[in-house]
Amino acid sequence: MTSHGTPSSLTRLPHSQPQTQTQTQPQPYDVVIIGGGAAGLSAAVVLGRARRSVVVVDSGQPRNAPADGVHSYLTRDGLRPAELVRLGQDEARSYGADFVAGRAVDSRRSAHGFTVTLDDGSTVSGRRLLVATGLVDELPDVPGLGDRWGRDVLHCPYCHGWEVRDQAIGILGTGPKSIHQALLFRQWSRNITLFLHGDMLDADGGISEQHGPTEAEWEQLAARGISVVIGPVAGLDVRDDALAGVRLAGGHVIPLQALVVAPTFTARTAFLAGLGLVSSPHPLGVGTHLDSDETGRVLSGGVVVPGVWAAGNATNLMAQVVVSAAAGLGVATMINSDLIAEELETAVAAYRHPFSAVQEARNSSSVLGDRRHGLDPQHTPAQQTPDDTVQTPHGQTS
Ligand SMILES: Cc1cc2nc3c(=O)[nH]c(=O)nc-3n(C[C@H](O)[C@H](O)[C@H](O)COP(=O)(O)OP(=O)(O)OC[C@H]3O[C@@H](n4cnc5c(N)ncnc54)[C@H](O)[C@@H]3O)c2cc1C
């Protein structure tokens, strides 16, 4: 649903008009943004200020929703995640951005650029597509972790470390990243316990030769006074809606106030399958992401996918909120430049050959959209006339 209603096919009306009805074929948006977290909202503000028509489709599940507050975001410390989103929406709306509540389930190329289908069957269309859908944290398979996630089951010391300083902190040891986490969280508390679990144990419950700590790591753990407990961890001990400890498979409970886990990060990209785009393994081995170049252009097999961009956790699995917002800004400026380049090409072609078949196709497309006739304007070169005749501003030829 938009702020104005629920269209079945949402494209752009002239700025500032409600979008529920159109008598004439509407124009596509300049940019369709899928995902309205820090990355998508920041891009919407920047594109709105660049006088671009923008629609943000959002399913309302920002990754940090379970957390009490946002930390490490200058001047916004402790702000509730939902409040940050609300402020961002207000700001983007003030520059003309439209919002649609819903989940993108499919995306295709179309005459004007892209058409994205939502879970209610409606569509949005735009010339460029920005993927800002974030990621899903896939938690290790220990009962109860999901219920405590973002409260006292944690992963990021820069998000929560201060809040659990000096507490009894456990690290669920599922792989090499867990040893790194144990050494890292030691900065916030002297009371750290690493629980060997999962792959760090072998089939008969002993320490895995292959995945357990190396000799050097045992020494580092000892040097920093980090306790090591051989698991596996079977569950959590929760009292009065607070973590009280972890329960080992043998039934023994070790008291704790916080438990650190290493989720697998999975970018939310299923709706891009229709464009032939899939997530790829992240080079750090922490999950899957949408590959992109340094300007935010999405890559497939290392090759740029024209018109598709990405920002935030969907492409950068490690990005914090402020980094995601910054990425949204950066990508927005790149998309705007890309649109300017296209419009310039069209303007020059029209200036040179105002009645060419190419220009006719573009005029037809801009007036009639999908009902246009003639050439596909997306696939026509800027100039089709062989001669180099240039028309001057005064209508003379040279
Ligand atoms: C528990 C927890 C606490 C955290 N605390 C902090 C912190 O204190 N400070 C900090 O800097 N970072 C923190 N982070 C990291 C922070 O969540 C991310 O940096 C940030 O959310 C990334 O922003 P984003 O815009 O890329 O993605 P998100 O904020 O996740 O936004 C993506 C949006 O896209 C929408 N979406 C997804 N798929 C679709 C679809 N198919 N169609 C439509 N919409 C879709 C989602 O509903 C969501 O609203 C925390 C993370 C977690 C898990």
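Our structure is the block above this text.
In short, a report on the structure. All values derive from a computational prediction rather than experimental measurement.

Near the ligand you find 39 residues, and of these Gly35, Gly37, Gly134, Gly150 and Gly312 are the closest. The set of elements that each furnish at least two residues to the shell around the ligand consists of helix H1 (38-49), strand E3 (54-58) and helix H7 (321-352). Partitioning the shell around the ligand into residue classes produces 17 nonpolar, 17 polar and five charged. Shared between two domains, the shell around the ligand takes at least three residues from each, and those domains are domain 1 (9-137 + 265-342) and domain 2 (140-262).

The contact between H1 and H7 brings their axes to 7 Å, and the two run at 40 degrees. With respect to their mutual orientation, H1 and H7 come out oblique. Judged by the twist between their axes, the crossing of H1 over H7 is right-handed. Along the contact surface, H1 presents Ala38, Ala39, Gly40, Leu41, Ser42, Ala43, Val46 and Leu47, while H7 presents Val321, Ser324, Ala325, Ala327, Gly328, Leu329, Val331, Ala332, Thr333, Ile335 and Asn336. Here the contact of H1 with H7 is composed, by residue class, of 13 nonpolar, six polar and no charged.

Here we come to the sheet that holds strand E17 (residues 264-267). An order of E8-E17-E19-E18 is seen for the four strands of this open sheet, with the pairing classed as mixed. Both outer strands of the open sheet, strand E8 (135-138) and strand E18 (280-281), are each paired with one neighbouring strand and no more. Summarising the sheet, E17 and strand E19 (residues 287-289) pair through two bridges and their orientation is parallel. Across the sheet, residue Phe265 finds its bridge partner in E19, namely Gly287.

Attention now moves to the environment of Val100. If you trace the backbone, Val100 turns up in strand E4 (residues 98-101). Judged by local crowding, Val100 falls into the buried class, with 25 C-beta atoms found within 10 Å. Separated by 41 residues in sequence, Val100 and Ser59 have C-alpha atoms that sit 8.6 Å apart.

Through backbone hydrogen bonds, the strands of a sheet pair up, either in parallel or in antiparallel fashion. Taken in spatial order, the three strands of this open sheet run E13-E14-E15, and their pairing is antiparallel. Each edge of the sheet is formed by a strand with only one pairing partner; in this case those strands are strand E13 (233-239) and strand E15 (253-255). Between one strand axis and the next, the sheet turns by 30 degrees as a mean value, whatever way the strands run. Note that E13 and strand E14 (residues 242-248) share six bridges and pair antiparallel. Following the sheet pairing, Arg239 is matched in E14 by Ala242.

The omega angle of the peptide bond from Gly231 to Pro232 is 5 degrees, so this bond is cis rather than trans. Checked against the element boundaries, Pro232 lands in the loop between strand E12 (227-230) and E13. Despite not being glycine, Ser72 has its phi angle at roughly 65 degrees, a positive value. Checked against the element boundaries, Ser72 lands in the loop between E3 and helix H2 (81-94).

The rules behind these values
Residues numbered from 1 in each chain as written. Predicted model: local features only at pLDDT ≥ 70, side-chain atom pairs only at ≥ 80, totals over all residues. Near = placed C-beta within 6 Å. Helix = DSSP H or I, 4+ residues; strand = E, 2+ residues; numbered from the N terminus. Nonpolar A, V, L, I, M, F, W, Y, C, P; charged D, E, K, R; others polar. Domains from an automatic or database assignment. Axes fitted to C-alpha atoms, helices over the stretch in contact; angles between N-to-C directions. Parallel < 35°, antiparallel > 145°, perpendicular 65-115°, else oblique. Left-handed = near helix turned anticlockwise from the far one by under 90°. Contact = placed C-beta atoms within 7 Å. Pairing = 2+ DSSP bridges. Buried ≥ 20, exposed ≤ 12 C-beta atoms within 10 Å, placed from the backbone.

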